[in-house]
Every structure is written in structure tokens, then in C-alpha cells.
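# Inside the fold
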Amino acid sequence: MKFSTKLGLWFFFCILIIETGSMLFLHQNVVQTLIDNEKEALLARGASHRDVLEDSFTDNTLQHIVLMESKTDTEVVITDQNGDVIESSIALNEEINFFILQITNDDQVIEADWESQSYIATASPFRSNSGENGTVYMLKSTNQMKGLITDLNHHFAIAVIIILFFLVITNIILVKLLTKPLVSMKEATKRISEGDFTVTLPVKSKDEIGELANSIQTLASNLNYLKQERKEFLASISHELRTPLTYIRGYADIGQKPNLVESQKNEYLKIIHEESIRVSNLLEDLFELAKMDQNSFSIMNEEVQFREFLQTIYDKAYPVFSNSGIELKFNRKEECYVNIDPLRFEQVVLNILDNALKYSDGGTTTIELSKKDNTCKLTISDEGKGIPEDQIPYIFDRLFRVEKSRSRLTGGVGLGLSIVKEIVDAHEGELKVSSEFGVGTTVSILLKEAKNR
Ligand SMILES: Nc1ncnc2c1ncn2[C@@H]1O[C@H](COP(=O)(O)OP(=O)(O)OP(=O)(O)O)[C@@H](O)[C@H]1O
Ligand SMILES: [Mg+2]
């Protein structure tokens, strides 16, 4: 069964039960009030006749009362203390005789069953000033009441039909309104599962349905982005592999030519060697990233004196920086103990330093270690060419480079920072990059200080 039909039926039956319940309650109350009013009125009328009789018990009064009642839809029977009828506005019959057998001490309703009896009746005993006792019986035919209640039932039936009609219409509209966005989301997810990520959902509401639509929209754009990225990634990889392989093949071809001078041959072999290293480095990095993606890469954390650890790297890197005319400084403020995998983390620092070296012409590169609120902060800042602001969000993407042209001289393939990010994430550290184009770049890594320190 469709969700909209199910929802519609549920809604309909719930409202139907509530409506039937309240209608029955209302009907019961209206009928009860109506009958109560009739009884009250009859009692009051009997009491007023009683009062008149108590004041002046004369034939004239008796006739007057009977005359009055014969002009109305109520009847009166007046009996003496022996229960014998003195006056009556109605011909006596068995039912009426039964009523007047009932002697009461005060004003009372003696018959209230309007549904099965022909009359409802009250009795008002009197004792006149001149000493006569008796009872005024008031009777009212129930036919009129029954007619009134039949009319009332008709009105109720019409009201129920009208309400049901509007209920069905509102039900249809509400179910349509509620399920329409769900149906369009179902269609959107179906299209996404078929590989079409260009779905747009028009749901704008800020409620749960709107949030769901937003999530689906985000999912679609993320999948679209991933699809695009995969395409670009594959294109970049084949490009990255093709370039060095072209060099290798080209120089191998030239190298095989006869009459080559030994020095030329050596030069070509050197290029072939360099390029093959480049390919194998690229493959190694890709393999590393693939392992990280599969979570099959493990980090062997140990407690490390971070300042000492950085000092060793600094000592190794210093000569390389000097050779390129860049001053490498190490601001070692205080010692900070961290839990890291030293081999992996060396790769992180070397990759960042490698960028500082590659993308600077002179200037100073500074490594700085500081500590604040149980956090060790490593910053590496250079005075190189910097990264344009709009490119910063992408520098952790695989194979992303600011300068798209790839020459042997500008080196990198764009995997360094992706690896850095994966390793820092695996250490639950925080990695930030800030940069000003033409001024320099600062990379900072925040790590929790080792606990038992
Ligand atoms: N310190 C920096 N100064 C200027 N640009 C930088 C710096 N660090 C990174 N970049 C830019 O970010 C890009 C991505 O850096 P990443 O280290 O991931 O790749 P790469 O250095 O090009 O190659 P790889 O590190 O794989 O050899 C670089 O190509 C470069 O354009
Ligand atoms: Mg790099």
C-alpha cells in the first residue's frame, strides 16, 4: 500500500473516531438538557397551580386551572386527599389512573421516561388555607418531545455528513501536501542511485522534511563532486605517469644512437634515472594514500620529545636549505611531549619543509615549537611565493597544484599535503594553512600534549 494512502486512511479513521465520539457526547447532552427543561417547566407549572389552590380552593379556581390547561400542550388532573379526581383537563384512562395512584409528600417528577411512555408527569401536593388536601398532577405528552428529538437527530445527521465531506477534502489536501515532498525526495534518491547527481529539490521549509531534502541535496552534490574528482584524479595520474615515461622513452631512444659521446650518454642516463625515481616516488605516495583510504595503515605511537625530534630533522634539512640560499631557523621555546609515530611524523615535517624549499626563492623559513593549554603547536612559515587565497581550500586535494603546468623543474605532483593531512588526522591533530600570495605561507599543526606529563 502506498505511504500516502496509508497516511490518509490513518488520518481519516482517527478523525472519524474523534468526531463520532464528540458528536455522540454532544447529542446526549442536548437531549438530556431538553428533557430536563421540560421536566422543570412542568414542575414549575404544577407548583404555580398548587400555590393558587392553596390560596383559594374554590370551584371557580379549579375550573379556571383546567380551562387554562386545556388551551396549552400540558394537561392537569387535580385529586383530593383520597385520590379521587376533582377536576381534569383530559379524559382519564388507564395510564393516567396509574399516575394519580402515586401520592407524594412534596413536588416530584413521577414519570420521566419520555422514550417509552406517552406522558411525562409531575405531582405537586397542596393543602389549602380552608383545609382541603390533594395533589395537582401535571402531564405532558411525549409525542412533541419525540418529534423535537427526531428533528434534532436530522440536524445532527446533516452536520455529520457535512463534516465528513470537509474531512475527506482536508484529508486529501493534507496528505498531498505532506507526501508531495516525500515523493519528490524518493524520486531524487532513485535518480541519485542511477548515477544522476544533478537533482534539485524544491523543498524550502525549515522543518524535518526541509532538513531531509537538504541532506539529500548535499549528498547529491558531494557524490557529484566525488565523481568529478575521481575523473580529474585519473586524468592527472595518467598525465603524471605519461610525462616522465615520455622522457624515459625519449632519452632511452637517443641514448641508443651510435656515435654518442660518453658524457652525453651519461647525461641521458642521469635523466632516465631521475625520471624513474620520480615515477617510483609517485607510485609509492599513491600506494601510501590508498592504504590510508582503506584504513589498513597503522600508526605506531610512542611518546616523543617533540623539540628533540624536530631538532634532528632541522639538522638534516639545514644544509639543503643553505644550498638553495634560504635561511632555516628553529625557534625552540620549550620542550613538549607528544604521542606520535616518529617515522610518519618525520614524513609530515619533511613534506612541509620540502614545500617551503620548493616554493621560496631565498628568505627565511622558520620552524617554531610552542605550548599552550596542554597543546603543542608546531608552525613552519616561509617567505616564499604564497598561495592565492581562493586556492587554499584545495591544497589538500590529491594531485592539486597551484601551478597547473608540470615541468621537471617545478617538481611536485601534488600529493605531499594530502599525505600530511591524512597522517595528522590519524594522530587526531589539527592542521591549518594560512598564506598570503607573494608574502609567504604558514603551516601549523596542533597536537595534544602526552597525558602523563
Ligand atoms: N609553502 C608553500 N608555498 C607556496 N605554495 C605552496 C606551499 N605549499 C604548498 N603549496 C602549493 O600547494 C600545492 C600542493 O602541495 P603539495 O605538497 O600537496 O604538492 P606538491 O608540493 O606540488 O607535490 P609533492 O609534495 O607531492 O611533491 C603545491 O603544488 C603548491 O602549489
Ligand atoms: Mg609538496
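Residues numbered from 1 in each chain as written. Chains lettered and ligands numbered in written order. Predicted model: local features only at pLDDT ≥ 70, side-chain atom pairs only at ≥ 80, totals over all residues. Heavy atoms only, no water.

### Structural notes on the domain arrangement of the chain
- Along its sequence, the chain is organised into domain 1 (3–149), domain 2 (208–293) and domain 3 (302–448).
- Spacing between the C-alpha centres of domain 2 and domain 3 amounts to 23 Å.
- Contacts between domain 2 and domain 3 engage 19 residues on the former and 14 residues on the latter.
- Across the domain 2 to domain 3 interface the summed buried area is about 1,600 Å²; carbon plus sulfur atoms make up 58%. (Domains from an automatic or database assignment. Contact = heavy atoms within 4.5 Å. Buried area = accessible area lost by both parts, 1.4 Å probe.)

### Some words on the state of the cysteines
- Overall, the coordinates contain one disulfide when judged by the stated rule.
- Disulfide partner of cysteine 336: cysteine 376, at an S-S distance of 1.7 Å. Of note, the bridge from cysteine 336 to cysteine 376 carries an S-S torsion of about -70° and is left-handed in sense. A residue pair is termed long-range when its members are at least 10 positions apart, and cysteine 336 in the loop between β7 (327–332) and β8 (337–340) and cysteine 376 in strand β10 (residues 375–382) qualify at 40 residues. Of the two residues examined, cysteine 336 and cysteine 376, each falls in the buried class. (Disulfide = S-S within 2.5 Å. Helix = DSSP H or I, 4+ residues; strand = E, 2+ residues; numbered from the N terminus. Buried < 20%, exposed > 50% of the residue type's maximum accessible area, 1.4 Å probe, protein only.)

### Looking at a nonpolar patch on the surface
- A surface patch of nonpolar side chains, amounting to about 850 Å² of accessible area, comprises Phe11, Ile158, Ile162, Phe165, Phe166, Ile169, Ile173, Leu174 and Leu177.
- Among the elements that line the nonpolar patch, the one with the most residues is helix α4 (residues 142–193), at eight residues.
- Within the element layout of this structure, isoleucine 173 appears in helix α4.
- Under the relative-accessibility criterion, isoleucine 173 is labelled partly exposed at 48%. (Patch = residues over 30% accessible without salt bridge, like charges linked within 9 Å, V, L, I, M, F, W, Y side chains within 5 Å. Areas by Shrake-Rupley, 256 points an atom, 1.4 Å probe, with all protein chains shown as cover. Salt bridge = Lys/Arg side-chain N within 4 Å of Asp/Glu carboxyl O.)

### Here we look at unusual backbone geometry
- Residues other than glycine seldom take positive phi values, yet aspartate 373 does so here, at roughly 45°.
- Summarising the element assignment, aspartate 373 is placed in the loop between β9 (364–372) and β10.
- Positive phi, close to 65°, is recorded for leucine 399, a residue that is not glycine.
- Relative to the assigned elements, leucine 399 resides in the loop between β10 and α9 (416–426).

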